[in-house]
Each structure stands twice: as structure tokens, then as C-alpha cells.
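Take a look at the letters that make up each chain.
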Amino acid sequence: MSNLTRRQLITAAGVTTFAGLPAAPAPVKSPFLISLNTSTLMGHKLPITKTVEIAAKAGFNAIEPWIRELDDHVKSGGSLSDLKKQIDDLGLKVISSIGFFDWIVDDDRRRATALEEARRNMELVQKIGGLRLAAPPSGATDQADLNLMRAAERYHALLEIGDKFGVVPQAEIWGFSKCLNNLGSATMVALESHHPNACILPDVFHLHKGGSDFGAILKLNKSLFHNFHVNDYPAAIPVDKVTDADRVYPGDGGAPLVQLLRDLKTIGYEGALSLELFNRDLWKADPLEVAVNGVKKIKALIAKA
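Attention in this report is confined to the structure presented alongside it. All values reported here derive from a predicted model rather than from experimental measurement. (Residues numbered from 1 in each chain as written. Predicted model: local features only at pLDDT ≥ 70, side-chain atom pairs only at ≥ 80, totals over all residues. Heavy atoms only, no water.)

1. A closer look at the nonpolar core
Soluble, globular proteins show a tendency: their nonpolar side chains are buried together. Formed by 89 residues in total, the largest nonpolar core has its most connected members in Trp103, Tyr155, Phe225, Phe228, Leu264 and Leu273. In contact with Leu273, other than residues within four places in its own chain, are Phe32, Leu33, Ile34, Ser35, Phe228, Val230, Leu261, Leu264, Ile298 and Ile302. Counting residues in each nonpolar core, the second largest holds six residues, with Trp66, Ile98, Ala134 and Leu201 among its members. (Core = buried A, V, L, I, M, F, W, Y, C linked by side-chain atoms within 4.5 Å. Buried < 20%, exposed > 50% of the residue type's maximum accessible area, 1.4 Å probe, protein only. Contact = heavy atoms within 4.5 Å.)

Take a look at the structure:
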């Protein structure tokens, strides 16, 4: 936080910038929040305060940090209340956060330990003003015979913990998993959890990897999800070979993103598009340039859609 207090916020022509640093892209009307998932800059090994600063300068209006970044911030002597103030002062929302805990597994002891970790994660997210937490099928990715009705019961238990913190866990789709690997299975778990806050976390890459029909988004209610991980994948790489590291900027690959954005608008979705990349080449580039280009790519697709 100390780095930010030494900088003076300047507002000129409706664009907020920092003294001596590049201006953010000009505002473009968007029906969606545009968020930075911090994995996009993970390889730069920046402190979370610097990543937040970059997100604001680049023109994002939300951020999606990883729990381990919050842990590192606290271990290095940082204050979560100061981090929240920085985020608030820059006009950003913490739309979600990324953590890993084995909430879905059959083993009772492992699941009990995972729920304690989920509580810890949710407390961290709450302290920075966060709204949601990813809940992927961690620990059960090799289990093809996982009972989805039991998974729904476990998701309900997780949601009840979230109620205590005001943080909603999102059933996240992992396309490489053998369970919760597509839109249908994640939606079933959410609906059968019988909890009013139940929701899913879709991802362009994972929908492709898990064989989901992008057009099925039109069959969903906008209340079923509040955050959508956006990225793209090279069309030339077979689906069984493509990996997280192959993700590229939205619009630079083969995903039907223009139609997807049109479909999201059709169902009235007004949540976040959160840029989530793990591209090693981008980790070698200037982080502010990476972030600015991400905003430009997303806004270009929105304009085209």
C-alpha cells in the first residue's frame, strides 16, 4: 500500500492515470465487467499490490486474485485491510478469487480438512471485499465415477459455509477432469444443491477441453453464473493435446467468442469476463503491456459482438 500512497491519482478527460505512467485505454461501454485473473501475470512473480495497481492502470474494473497471493502478502508483513483500501481506492471490485480445497472428494477426513481450508480462504476473501471463491473439483479429477448427487450435497455444505462469510463458492468447470468437466455436470451439481446462491464458474478453455457446447449458454439463466473466465485456444492443437499453457488472448485463437458474447448478452448476463491466461510467452513480456493488451482484446471482441 505504501507504494500507492506515494503516487498521486490524476483524473483527466475521464481517464484515471498515475503520474508518470501510461494512461489506461479510453473507456468503452460494455455490458460486462472486465476483470484480471492474476494468473495472467503469475509468471512475473509480482506482489499482489503491484498486480492490483497494474490492473487499474490497464483499464480493468475488477480483479480475481489467487489465495496464495493473499497468503504471500500477509507473510511478507502486508495488511489485508490496506490491500482492500488500495483495491477500493482504485475503483476495482474483487469479483472472485482462486483457491484449492478438496470439497468434492468421497473421503470424509479429506473433505473435513478441505472445508476448514475453504473457511480460511473465505475469510481472506471477505477481508479484501471479495464476493466469490472458485470451487473446482480439486482432489477428484481422476474420478470418473463420482456421484454427482452426492457432489451436490457437498456443494450445499460448502455454500452454507460461504453464507457465514458473505462469499459464494462457485462450482468450477475443469475440462481436463473426469468429473465436473463440462457445462452439464457443473450445472447439475449447482441445481441439485438446493441452495439459492448455487452457481457455476465457466471458462472458455475448459468448455472446449471438456467438450461442452458453447451454444448451450443460451439455455442457462443469467443467475447461474456471475463470472466467466475468458481466453482462447489455438485451433490447430487437438483438444486432447491442448493445455493451460497454450491459452492465448481472446480473439487470437479458434474459440467462438463473438457468438458467445452475443449469447451472454441475449440471456441478460451482466457479470464479469475475467481474463485467465497461463501463457509463458506473456510472462516474459512487460506486465503492464500484457494487461493493457488483454483489455484491448476483450473490448475489441465486445465491440465486434
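Resuming the write-up.
2. Observations concerning the sheet that holds strand β8 (residues 200–201)
Read across the open sheet, the three strands follow the order β6-β7-β8; overall the sheet is parallel. Both edges of this open sheet fall to β6 (132–135) and β8, since each of them pairs with a single strand only. As paired strands, β6 and strand β7 (residues 168–172) are joined by four bridges and run parallel to one another. Along β7, the bridge assignment pairs Arg132 with Val168. Sheet contacts for helix α6 (residues 148–165): β6 and β7; angle to β7, the most-contacted strand, approximately 150 degrees. (Pairing = 2+ DSSP bridges. Helix = DSSP H or I, 4+ residues; strand = E, 2+ residues; numbered from the N terminus. Axes fitted to C-alpha atoms, helices over the stretch in contact; angles between N-to-C directions.)

3. Some words on the side chain of Asn231
Note that Asn231 resides in the loop between β9 (227–230) and α9 (257–266). Reaching out from Asn231, the side chain makes a polar contact with the side chain of Asp203 at a distance of 3.2 Å. Among the polar contacts listed, one links the side chain of Asn231 to the backbone nitrogen of Phe205, at a separation of 2.9 Å. Dropping the residues within four chain positions of it, Asn231 is found in contact with Asp203, Val204, Phe205, Arg247, Val248, Pro250, Leu257, Glu276 and Leu277. (Polar contact = N/O pair within 3.5 Å; in protein donor to acceptor, adjacent residues only side chain to side chain.)

4. Topic: the pattern of salt bridges
Counting across every chain of the model gives 15 salt bridges. Note that Asp89 and Lys85 form a salt bridge whose closest N and O atoms lie 2.7 Å from each other. Placement of the pair is Asp89 and Lys85 together in helix α4 (residues 80–89), with a separation of four residues, close to one helical turn. Arg120 serves as the salt-bridge partner of Glu117, at 3.0 Å between the closest nitrogen and oxygen. Of the two residues, Glu117 and Arg120 both sit in helix α5 (residues 108–127), three residues apart, roughly one turn of that helix. The exposure class assigned to Glu117 is partly exposed, which follows from its relative accessible area of 27%. Residue Arg120 is classed as partly exposed on the basis of its relative accessible area, which comes to 32%. Look at the salt bridges and you will find they share partners, linking Asp203, Asp244, Arg247 and Glu276 into a network. (Salt bridge = Lys/Arg side-chain N within 4 Å of Asp/Glu carboxyl O.)

5. Here we look at the sheet that holds strand β10 (residues 272–275)
Read from one edge to the other, the open sheet built from five strands follows the order β5-β4-β3-β10-β9, with strand pairing classed as parallel. In this open sheet, the two edge strands, each paired with only one partner strand, are β5 (93–94) and β9. With four bridges joining them, β9 and β10 adopt parallel strand pairing. Residue pairing for β10: Val230 is matched across the bridge by Leu275. Strands β3 (33–37), β9 and β10 of the sheet are contacted by helix α11 (residues 287–304), whose axis makes an angle of about 140 degrees with β10.

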